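Examining the three-dimensional arrangement
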Amino acid sequence: MNYAIQVLKEKQVQLVAQLREGNANKAAILKQKKEIDTALNWLETIEKKNLGRLSDYEWIELPFMNNGYSSYRIMDDGETDNREHWIEFKTPIEVTATDFLVLKKPQ
């Protein structure tokens with residue numbers, strides 16, 4: 001991952017230099033820089049979180065259930081079907097339709 005990050009950072013420096021030179025194709029250069037910035041943010045987060053390979057994960061988009069506005073709740077079911085024993089994940093996040101769950105596959 002370090003190699004890819006380094007290559008993108010070098011390209012980023014080149015693009016900034018082109019912008020400072022007053023290159024006539026400013027819009028295209030800005031577009032490239034924005035794409036590189038986005039890619040770097042993703043790659044640096046992957047590296048920081050030590051996420052490894054994409055194939056180690058499954059991405060699930062939560063469906064829209066056509067029942068009005070609602071949100072999903074994350075529960076610890078305590079390995080029981082008795083909902084009285086379930087504990088809700090209390091961190092203040094709101095998970096709604098079209099959000100993604102990223103699940104790490106068992107090794």
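By convention here, each chain's residues receive numbers from 1 onward along its written sequence. The predicted nature of this model means local features are confined to residues of pLDDT at least 70 and side-chain atom pairs, given and counted, to a pLDDT of 80 or more, with totals for whole chains, interfaces and linings taken over all residues. Each side-chain value is worked out from all heavy atoms of the structure, with water and hydrogens disregarded.

**Focus: the packing of aromatic side chains**
Classification of ring pairs rests on two measures: the distance between centres of Phe, Tyr or Trp rings, Trp counted by its six-membered ring, which must be within 6.5 Å, and the angle between planes, read as stacked under 30 degrees, edge-to-face over 60 and tilted in between. The tally for this structure, following the rule as stated, stands at one aromatic pair. For the pair tryptophan 59 and phenylalanine 100, a centre-to-centre distance of 5.9 Å together with 70° between the ring planes defines the contact as edge-to-face. Of this pair, tryptophan 59 sits in strand β1 (residues 57-61) while phenylalanine 100 sits in strand β4 (residues 100-104), placing them 41 residues apart in sequence. Using a relative accessible area of 45% as the deciding quantity, one classes tryptophan 59 as partly exposed. Only runs of H or I of at least four residues qualify as helices and only runs of E of at least two qualify as strands under DSSP, and these elements are numbered from the N terminus. Summary of the burial criterion: residues with accessible area below 20% of their type's maximum are buried, those above 50% are exposed, and those between are partly exposed, where the area comes from a 1.4 Å probe applied to protein chains only.

**Examining the confidence of the model for the chain**
Should the pLDDT be low somewhere, the predicted coordinates at that spot are not to be read in detail. Residue-level confidence of the predictor is summarised by pLDDT, bounded by 0 at the bottom and 100 at the top. Considering every residue of the chain, the mean pLDDT works out to 91; 100% of them sit at 70 or more. Looking over the chain, one finds the lowest element-wise mean pLDDT in strand β3 (residues 87-88), namely 91, and the highest in helix α2 (residues 26-48), namely 95.

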